Amino acid sequence: MADRKRKKGYWQGARKRRRMCLEIGMKGVLVTCNKNEKACIREAYNLLNEYADELHGPEITASDSGSEPEGEDIEAALAKEVAQMKNKAGKNKRRFQAMDSGANNVIFIQSQLESPDKLVHHILDDINTSKKFKTRNVLRMIPVMSACKAYLENVKKSAEEMFPKFFSVSDNPSYAIVFKTRNNGTMKRDEVIPALAGVVSEVNPACRVNLNEPDLAIVIEVIRNVCCMSVLKDYFNLKKYNIHSIVEGTKDDPKPREVKGQEPPKGDLEVENKAVHEGQGNVTVQESKVRSLPRVTLKLKIKQFTRVKVMSQCKSQRLKLKLQVKTWGINMKMGLITTSQVQRL
């Protein structure tokens with residue numbers, strides 16, 4: 001009996017420890033990070049809450065709205081308490097909640113906002129204006145406007161519900177389809193992209209594809225058995241919603257650092273008499289004064305010598321001669337042989 005009770009308690013604890021994960025019908029933001037997921041979640045919370053407070057005001061929790069007036073009727077108070085108990089799960093939901101996405105270095109943050117794409121666009125637009133880093137571990141923030149099963153029929157059905165809002169306008173916006181899959185082998189790019197393009201043409205035949213600078217980007221992120229879909233604007237102008245690329249893309253290329261008082265390295269082998277004669281597979285070097293200089297440039301000189309002087313020879317002779325020249329240069333560098341000995345070789 002003791003073993004059965006212990007086993008039952010073990011499985012109950014396993015169920016309680018199960019993490020919340022990305023499911024069908026959710027909205028939110030996909031956040032990619034660079035290995036440090038805990039720090040990424042903390043930074044994403046701070047960034048999302050900061051800008052959400054600007055657009056929608058501070059978050060109102062259940063504890064903030066739980067105060068009751070003193071003169072309230074007892075029956076009304078009981079009815080309110082029963083309603084709170086029934087909707088307890090819904091009231092405990094926060095505005096942003098991190099969940100397991102099903103892929104490494106990818107975090108899904110569920111949002112109770114109606115349009116998370118506007119919030120993310122506002123964040124990236126502000127970062128693009130200020131050119132300041134506000135995150136260290138957060139790389140990309142991709143809004144998720146719809147999540148469905150990762151099957152072609154479900155994706156087409158979700159697109160038919162979403163696309164009329166964006167493409168049935170008089171502007172006839174151009175579009176591009178961005179497809180990426182993780183931990184899924186059933187969804188194929190060659191099947192999904194033509195299907196979505198067909199849905200767009202049914203909604204508005206005047207819309208054309210523009211892969212360089214589209215007005216709208218249809219972003220498809222498939223993770224395991226869930227397909228996340230969104231229609232985003234300024235996708236390529238905002239560097240594919242990559243925060244680091246937005247900030248670093250405007251900086252000038254770093255110039256090579258110069259050390260004061262240091263001159264550029266000279267050649268390793270300086271030959272005053274540069275006469276070189278090529279025979280039939282043999283190389284003779286006349287007597288010259290050799291100075292040993294840094295080893296790095298020695299290799300460069302040897303490469304130049306073999307490239308220029310042995311261009312017309314066959315491959316086997318060229319490789320053999322290259323090895324010989326390298327050996328001579330190293331021995332001369334170490335003082336083991338002299339140029340007169342090289343001439344006799």
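Residues numbered from 1 in each chain as written. Predicted model: local features only at pLDDT ≥ 70, side-chain atom pairs only at ≥ 80, totals over all residues. Heavy atoms only, no water.

K.L.:
Just to check I follow, could you spell out the packing of aromatic side chains for this structure?
P.N.:
Any aromatic ring pair is given by two values, namely how distant the centres are and how the planes are angled relative to each other. Scanning the model with the defined rule gives four aromatic pairs in all. Ring centres of Phe163 and Phe167 lie 5.5 Å apart, and the angle between their planes is 70°; this geometry places the pair in the edge-to-face category. We classify Phe163 as buried; its relative accessible area is 0%. In this structure an aromatic cluster arises from ring pairing among Phe163, Phe167 and Tyr175. (Phe/Tyr/Trp six-rings, centres within 6.5 Å; stacked < 30°, edge-to-face > 60°. Buried < 20%, exposed > 50% of the residue type's maximum accessible area, 1.4 Å probe, protein only.)

K.L.:
Honestly, the nonpolar core in this entry has me stumped. Any pointers?
P.N.:
Soluble globular proteins tend to bury their nonpolar side chains together. In terms of nonpolar packing, the biggest core is built from 44 residues, with Leu30, Leu119, Met141 and Tyr241 touching the most fellow members. The greatest single-element share of this core, amounting to seven residues, is contributed by helix H2 (residues 37-56). Discounting residues that sit within four places of it in the chain, Leu119 has contacts with Leu48, Tyr51, Ala52, Leu55, Phe96 and Leu113. Within the second largest apolar cluster, 25 residues are counted, among which are Cys148, Val155, Phe167 and Val222. (Core = buried A, V, L, I, M, F, W, Y, C linked by side-chain atoms within 4.5 Å. Helix = DSSP H or I, 4+ residues; strand = E, 2+ residues; numbered from the N terminus. Contact = heavy atoms within 4.5 Å.)

K.L.:
Before we go on, may I ask you to explain the environment of Ser201 in this structure?
P.N.:
Looking at the secondary structure, you find Ser201 in helix H8 (residues 189-203). Through-space distance from the C-alpha of Ser201 to that of Phe167 is 9.2 Å; in sequence the pair is 34 residues apart. A polar side-chain atom of Ser201 sits 2.7 Å from the main-chain carbonyl oxygen of Gly198. (Polar contact = N/O pair within 3.5 Å; in protein donor to acceptor, adjacent residues only side chain to side chain.)

K.L.:
Help me understand helix H5 (residues 116-130), please; the structure alone is not making it clear to me.
P.N.:
In an α-helix there are 3.6 residues to a turn, and that puts residues three or four apart on one side. The terminal C-alpha atoms of H5, which comprises 15 residues, lie 21 Å apart, in line with the 21 Å expected from a rise of 1.5 Å per residue. Considered for burial, the residues of H5 that qualify are Pro116, Asp117, Leu119, Val120, His121, Ile123, Leu124 and Ile127. If you follow the buried residues of H5, they end up packed against strand S1 (28-33), H2, strand S2 (96-100), strand S4 (138-144), strand S8 (226-233) and helix H9 (243-248). (Expected span 1.5 Å × (residues − 1).)

K.L.:
Honestly, the sheet that holds S8 in this entry has me stumped. Any pointers?
P.N.:
Each strand in a sheet pairs with its neighbour through backbone hydrogen bonds, running either in the same direction (parallel) or in the opposite one (antiparallel). Reading across from one edge, S5-S8-S7-S6 is the order of the four strands in this open sheet, with mixed pairing throughout. The open sheet terminates on both sides in strands that have one partner only, identified here as strand S5 (146-149) and strand S6 (175-182). Each strand axis lies, on average, 20° off the axis of its neighbour in the sheet, ignoring direction. As paired strands, strand S7 (residues 216-223) and S8 are joined by eight bridges and run antiparallel to one another. Bridge pairing links Ala217 to Leu232 in S8. Along the sheet, H8 makes contact with S6, S7 and S8, crossing S6 at roughly 145°. (Pairing = 2+ DSSP bridges. Axes fitted to C-alpha atoms, helices over the stretch in contact; angles between N-to-C directions.)

K.L.:
Even after reading the chapter, I still don't get the side chain of Ser158, so can you show me in this structure?
P.N.:
Examined against the element boundaries, Ser158 turns out to sit in helix H6 (residues 152-162). The exposure class assigned to Ser158 is buried, which follows from its relative accessible area of 8%. Residues contacting Ser158, with those up to four places away along its chain left out, are Ser146, Cys148 and Met229.

K.L.:
Honestly, the environment of Gln112 in this entry has me stumped. Any pointers?
P.N.:
Tracing the chain through its elements places Gln112 in the loop between strand S3 (106-111) and H5. Through-space distance from the C-alpha of Gln112 to that of Gly28 is 7.7 Å; in sequence the pair is 84 residues apart. For Gln112, the residues in contact, after removing those within four places along its chain, are Lys93, Arg94 and Arg95.

K.L.:
How should I be thinking about the sheet that holds S4 in this particular structure?
P.N.:
The strand order across the open sheet built from four strands is S2-S3-S1-S4, with neighbouring strands paired in antiparallel fashion. Of all the strands in the sheet, the pair left with one neighbour each is S2 and S4. The average undirected angle you get between the axes of adjacent strands in this sheet is 25°. As defined by bridge partners, S1 adjoins S4 across six bridges and the pair is classed as antiparallel. Following the sheet pairing, Val31 is matched in S4 by Met141. The sheet strands contacting H5 are S1, S2 and S4, and the helix crosses S4 at an angle near 150°.

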